[in-house]
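# Observations on chain architecture
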Amino acid sequence: MADEPRHARGLLDTSVVIDLEHLGVEDLPAEVAISAITMAELAAGPHATADAEERGRRQDRLQRTEAAFDPLPFTTEAARAYGRVFAAVAASGRKSRGARAVDLLVAATALAEGLPLVTRNLDDFRHLDDLIEVIAV
């Protein structure tokens, strides 16, 4: 992305929030937001590991994220957008339920807010190009 112009705004996927300390500010949009869905994933993180050291890292990440961001809510518009996101993924033949559904809820938030989605996992959002701009970092 070094030669591309920096985006003005973007919604950070959970993968980006997790790797935030490893990314340069030049890799991210000038103005960034996260969704309440990402905050929920981060809140679950410490409970998803039995390793005490990893649990501590995840708790620290959650607290830093809570202090830095006021997450966008999952609104009625996002719920409607989820239907469009789900349909696009289902039409492609890809899985759209289970753990994958959380990624699609984040994508629906980006669609509802009119924001590009910034991710470390471009493949998670394949087949959504007609709905949202997906930026890989």
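Preceding this paragraph is the structure being described.
Report on the accompanying structure. (Residues numbered from 1 in each chain as written. Predicted model: local features only at pLDDT ≥ 70, side-chain atom pairs only at ≥ 80, totals over all residues. Heavy atoms only, no water.)

## Let's talk about the overall build of the protein chain
Looking only at helices and strands, one finds five helices and four strands in the protein chain. Whereas a compact globule of 137 residues would reach a radius of gyration of roughly 14 Å, the protein chain reaches 15 Å, a difference of no more than 12%. Overall size of the protein chain, expressed as C-alpha extent along the three principal axes, is 40 × 35 × 25 Å. The burial tally for the protein chain puts 40% of its 137 residues in the buried class. For the protein chain, the computed accessible surface area is about 7,500 Å², with 50% contributed by carbon and sulfur atoms. Computed over 15 positive and 23 negative side-chain charges, the separation of the two mean positions in the protein chain equals 6 Å. (Helix = DSSP H or I, 4+ residues; strand = E, 2+ residues; numbered from the N terminus. Rg over C-alpha atoms; globule rule 2.2 N^0.38 Å. Buried < 20%, exposed > 50% of the residue type's maximum accessible area, 1.4 Å probe, protein only. Areas by Shrake-Rupley, 256 points an atom, 1.4 Å probe, with all protein chains shown as cover. Lys, Arg positive; Asp, Glu negative; His and termini not counted. Charge placed at Lys NZ, Arg CZ, Asp CG, Glu CD.)

## Re the pairing of strand 1 (residues 9-12)
The pairing of strand 1 with strand 2 (residues 31-33) spans three bridges and is parallel. The residue bridging Arg 9 from the neighbouring strand is Glu 31, located in strand 2. As defined by bridge partners, strand 1 adjoins strand 3 (residues 117-119) across two bridges and the pair is classed as parallel. Bridged to Leu 12 within strand 3 is Val 118. (Pairing = 2+ DSSP bridges.)

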